[in-house]
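What follows is the residue order along each chain.
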Amino acid sequence: SQWGEENLQALSIQEGEDVTMNCSYKTYTTVVHWYRQDSGRGPALIILIRSNEREKRSGRLRATLDTSSQSSSLSITAAQCEDTAVYFCATDTGYQNFYFGKGTSLTVIP
Amino acid sequence: EAAVTQSPRNKVAVTGGKVTLSCNQTNNHNNMYWYRQDTGHGLRLIHYSYGAGSTEKGDIPDGYKASRPSQENFSLILELATPSQTSVYFCASGGQGAPTEVFFGKGTRLTVV
């Protein structure tokens, strides 16, 4: 597996708070993708960060990548109820084989 | 918009029976994937394909076969279904070149009794 052995994490925060989710990977990757999955649906890409980038922003989302520690993070600023979902990171080794982490279940409470 | 369609959306199968899950994409993507999702395990790659006629093993291929008869279609086959294969299965497609976005279908919930 590309990933560490952490179990699915669950976070619960109040609306308006900031939140950061982390993941680590074991092997070389050219890019880290972050997906969100809403209940009953397939995952959908929300942001990706290349191996030559340390930070990437998109709206209230901020992704970071540290290739030396093989870790990535996704931050959401001023979380809203509609941010409630499961968030996955995924690596792409360059051969279009996508390996997903176990995910973080985020609940934003109004 | 990129479209990946899975059928059936729900399936109940008997142990030892044959199950075929179908996936169709209209994105003209070369790459297609089958994942299963279980609580506590996230998404795990079963099989993938780089184009018509090709299939490759992912992380957990045992008990599964795949078939890619055309660019648009990718099937996952359980020849002898077992209760341990009860799960939600997702098909996805992605283009070539890095980075590339992967588009998922809505999933198939399979229950093997």
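Residues numbered from 1 in each chain as written. Chains lettered and ligands numbered in written order. Predicted model: local features only at pLDDT ≥ 70, side-chain atom pairs only at ≥ 80, totals over all residues. Heavy atoms only, no water.

> How should the packing of aromatic side chains be read in this particular structure?
What the rule picks out here adds up to ten aromatic pairs over all chains. Aromatic ring contacts, followed pair by pair, group Y35(A), F88(A), F100(A), Y33(B), Y35(B), F90(B) and F104(B) into a single cluster. (Phe/Tyr/Trp six-rings, centres within 6.5 Å; stacked < 30°, edge-to-face > 60°.)

> Is there a simple way to think about the interface of chain B and chain A in this case?
For an interface, size is often stated in terms of accessible area lost upon the parts coming together. Contacts between the two partners involve 25 residues from chain B, matched on the other side by 24 residues from chain A. Taking both partners together, chain B and chain A bury about 1,900 Å²; carbon and sulfur atoms supply 57% of that area. Connecting chain B to chain A are zero salt bridges. For the pair chain B and chain A, the interface holds two residue pairs in polar contact (both at pLDDT 80 or more). Listing elements by their share of the side of chain B that touches chain A, those giving two or more residues are β4 (31–38), β5 (42–49) and β10 (102–104) of chain B. (Contact = heavy atoms within 4.5 Å. Buried area = accessible area lost by both parts, 1.4 Å probe. Salt bridge = Lys/Arg side-chain N within 4 Å of Asp/Glu carboxyl O. Polar contact = N/O pair within 3.5 Å; in protein donor to acceptor, adjacent residues only side chain to side chain. Helix = DSSP H or I, 4+ residues; strand = E, 2+ residues; numbered from the N terminus.)

> What is the right way to read the state of the cysteines from this model?
By definition, a disulfide is the covalent link that joins the sulfur atoms of two cysteine residues. All names here are of chain A. Overall, the coordinates contain two disulfides over all chains when judged by the stated rule. The disulfide bridge from C23 ends at C89, spanning 2.2 Å between sulfur atoms. Within this pair, whereas C23 is found in strand β2 (residues 19–24), its partner C89 is found in strand β8 (residues 85–92), the two being separated by 66 residues in sequence. For C23, a relative accessible area of 7% translates into the label buried. (Disulfide = S-S within 2.5 Å. Buried < 20%, exposed > 50% of the residue type's maximum accessible area, 1.4 Å probe, protein only.)

> Please clarify how the sheet that holds strand β8 (residues 73–78) of chain B should be interpreted in this entry.
For sheets, the rule is that strands pair by backbone hydrogen bonds, running either parallel or antiparallel. All names here are of chain B. Strand order in the open sheet formed by four strands is β1-β3-β8-β7, and the pairing between neighbours is antiparallel. Every other strand in the sheet has two partners, leaving β1 (4–7) and β7 (65–67) as the edge strands with one partner each. Between one strand axis and the next, the sheet turns through 20 degrees on average, direction left out of account. Direction of pairing for β1 relative to strand β3 (residues 19–25): antiparallel, over a ladder of four bridges. Across the sheet, V4 pairs through a bridge with Q25, a residue of β3. (Pairing = 2+ DSSP bridges. Axes fitted to C-alpha atoms, helices over the stretch in contact; angles between N-to-C directions.)

> Could you clarify how one ought to interpret a nonpolar patch on the surface in this entry?
Residue and element names in this part refer to chain B. Taken together, the side chains of V12, V14 and V113 define a hydrophobic patch exposed on the protein surface, amounting to about 290 Å² of accessible area. Structurally, V113 can be placed in the segment after β11 (108–112). Look at V113 and you get exposed, because its relative accessible area is 56%. (Patch = residues over 30% accessible without salt bridge, like charges linked within 9 Å, V, L, I, M, F, W, Y side chains within 5 Å. Areas by Shrake-Rupley, 256 points an atom, 1.4 Å probe, with all protein chains shown as cover.)

> Just to check I follow, could you spell out the sheet that holds β2(A) for this structure?
Residue and element names in this part refer to chain A. In space, the four strands of this open sheet follow the order β2-β7-β6-β5, with antiparallel pairing throughout. At either margin of the open sheet sits one strand with a lone partner, and together these are β2 and β5 (55–58). Looking at each pair of strands side by side, their axes are set apart by 15 degrees on average, direction ignored. Note that β2 and strand β7 (residues 71–76) share six bridges and pair antiparallel. Across the sheet, the residue bridging to M21 is L74, located in β7.

> Can you help me understand unusual backbone geometry in this one?
What you tend to see is this: most non-glycine residues have negative phi, and most peptide bonds are trans. Cis geometry is adopted by the peptide bond preceding P8(B), which originates at S7(B) and carries an omega value of -10 degrees. Relative to the elements of secondary structure, P8(B) occurs in the loop between β1 and β2 (10–13). For Q70(A), which is not glycine, the phi dihedral falls at a positive 50 degrees.

> Help me understand the pattern of salt bridges in this model?
Once the charged atoms of two side chains with opposite charge are near each other, the side chains can pair. Counted according to the given criterion, the structure contains seven salt bridges over all chains. If you follow the salt bridges from partner to partner, you end up with E55(A), R57(A) and R62(A) in one network.

> What am I meant to see in the side chain of R36(A) here?
All names here are of chain A. Among the secondary structure elements, R36 is positioned in strand β3 (residues 31–37). Within the local environment of R36, its side chain forms a polar contact with the backbone oxygen of E82, the two atoms lying 2.9 Å apart. Not counting residues up to four positions away in its chain, the partners in contact with R36 are G42, P43, A44, I46, E82, D83, T84, A85, V86 and Y87.

> Would you mind showing me how to read the nonpolar core here?
General note: in soluble globular proteins, nonpolar side chains tend to be found buried as a group. Counting 20 residues, the largest nonpolar core has M21(A), V32(A), W34(A), L74(A), I76(A), Y87(A) and L106(A) as its most contacted members. Listing elements by their share of this core, those giving two or more residues are β2, β3, β4 (44–50), β6 (61–66), β7, β8 and β10 (104–109) of chain A. Residues contacting L106(A), with those up to four places away along its chain left out, are L11(A), I13(A), V19(A), M21(A), I76(A), D83(A), T84(A), A85(A) and Y87(A). Counting residues in hydrophobic clusters, the runner-up holds 18 residues, among them V4(B), L76(B), L78(B) and C91(B). (Core = buried A, V, L, I, M, F, W, Y, C linked by side-chain atoms within 4.5 Å.)

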